[in-house]
Amino acid sequence: MKENPTKGFVTVATKRKQFLMGADNLKESLLDHCPDAKITLFTEQHFIDDPSCQRYFRDFDKVLPTPSNTNREKMWGMANSPYDLTFYMDADIEIVHDDVANIFDHLEDGEYDMAYVNLTKEGAKHFAEWEWGPNLYDDGWKGIPDHLAHCGGIALYDMRNPLIKEFMMDWYDLFLKQRDGRWNPEAFDYIKKGNFRQWDQLTLWWLIYHSPKYESLKWKFFKDNYRWNYFTSFGFNKDGTHNCHKFDPTRDYWKTDPEPIIIHYSSWMDKYGDKGIL
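What counts and what doesn't
Residues numbered from 1 in each chain as written. Predicted model: local features only at pLDDT ≥ 70, side-chain atom pairs only at ≥ 80, totals over all residues. Heavy atoms only, no water. Helix = DSSP H or I, 4+ residues; strand = E, 2+ residues; numbered from the N terminus. Buried < 20%, exposed > 50% of the residue type's maximum accessible area, 1.4 Å probe, protein only. Contact = heavy atoms within 4.5 Å. Areas by Shrake-Rupley, 256 points an atom, 1.4 Å probe, with all protein chains shown as cover. Expected span 1.5 Å × (residues − 1). Axes fitted to C-alpha atoms, helices over the stretch in contact; angles between N-to-C directions. Parallel < 35°, antiparallel > 145°, perpendicular 65-115°, else oblique. Left-handed = near helix turned anticlockwise from the far one by under 90°. Nonpolar A, V, L, I, M, F, W, Y, C, P; charged D, E, K, R; others polar. Pairing = 2+ DSSP bridges. Phe/Tyr/Trp six-rings, centres within 6.5 Å; stacked < 30°, edge-to-face > 60°.

On to the overall build of the protein, then. Of the regular secondary structure elements, the protein holds 6 helices and 10 strands. The proportion of buried residues among the 278 residues of the protein is 56%. Of the contacts made within the protein by residues no fewer than 6 positions apart, 72% connect residues no fewer than 24 positions apart. When the accessible surface of the protein is totalled, it reaches about 12700 Å², and 47% of it is carbon and sulfur.

In structure tokens, the structure reads:
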């Protein structure tokens, strides 16, 4: 495996200029806490060519075009990261802690190929509505969970393993087929309730648990789980504290490191107007 890997961050903004505004805010907050960080933006070519959008592109390491304008070009951007070790983040995210500089340590020098945030049953209503069956990671389950366990809003991965690029491209290609009804594997029936055919996290769940091609990939959940993706709907207390303990009670990182590293404004972003982060 390549020594001295390149390290960088990736985000993707398509469909609306509001997501460029979000990506610009993400970049600025990242550089506030990690001034030497390299971050690449993937966006549509017409935005790249638009003079009114140039102010959103300053200080990015690279600004690269996406092949289409779907709202899930993020997986294509993830697959085409210019960095060996890559941390992908949705464009409606803000960095709020200096610990972001340590993100690549979580792959443990090649011990893991990918790392994700674990969606817990206590936080389920904040990111989707589904029935949580008996096979729960929260209860120590080690098999195939009958719920969507991995959050797709952030992902840490090692492109030095060639299977990772293929994994991300399959995530992109299969999701587009899934969304259009052209791909509906029998394993989807594990997820008993919920309109998940429109969710890219269902595709991710299938690739991780049901694709023989990727059985060799080594992945993990972040030990300090929701520090890496604190949803705004989790709440902000008047005394300045946060609520990881409420939504991740089976872990104990919040006893010593209670402050989030990433705030995810998925429900607090004006995605159709010009107000930005609400």
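As a further point, take helix 1 (residues 17-33). In this model, helix 1 (17 residues) spans 25 Å end to end at C-alpha, consistent with the 24 Å of a helix rising 1.5 Å per residue. Along helix 1, the residues classified as buried are Gln18, Phe19, Leu20, Gly22, Ala23, Asp24, Leu26, Lys27, Ser29, Leu30 and Leu31. Buried residues along helix 1 sit against strand 1 (7-13), strand 2 (39-43), helix 2 (45-49), strand 4 (85-89) and strand 5 (93-95).

Attention now goes to the packing of helix 4 (residues 162-179) against helix 5 (residues 200-210). Between helix 4 and helix 5, whose axes approach to 9 Å, the crossing angle comes to 130°. By the angle between their axes, helix 4 is oblique relative to helix 5. The two elements helix 4 and helix 5 meet at a crossing, and its hand is right-handed. Contacts between helix 4 and helix 5 pair Phe167, Asp170, Trp171, Leu174, Phe175 and Gln178 from the former with Asp200, Leu202, Thr203, Leu204, Trp206, Leu207 and Ile208 from the latter. Classifying every residue of the contact of helix 4 with helix 5 by side-chain character gives 9 nonpolar, 2 polar and 2 charged.

Strand order in the open sheet formed by 3 strands is 5-10-9, and the pairing between neighbours is mixed. Pairing within the sheet leaves two strands with one partner each, and these edge strands are strand 5 and strand 9 (230-231). Alignment of strand 9 against strand 10 (residues 262-264), held across 2 bridges, turns out to be parallel. Among the inter-strand pairings, phenylalanine 231 is bridged to a residue of strand 10, identified as histidine 264.

Here we take up the packing of aromatic side chains. Counted according to the given criterion, the structure contains 16 aromatic pairs. Ring plane angle 85° and centroid distance 5.3 Å describe the contact between tryptophan 183 and phenylalanine 188, whose orientation is recorded as edge-to-face. The exposure class assigned to tryptophan 183 is buried, which follows from its relative accessible area of 15%. Aromatic rings pair up to connect Tyr226, Tyr230, Phe231, Phe234, Phe236 and Phe247 into one cluster.

The quantities given are spatial measurements derived from coordinates; they are silent on function.
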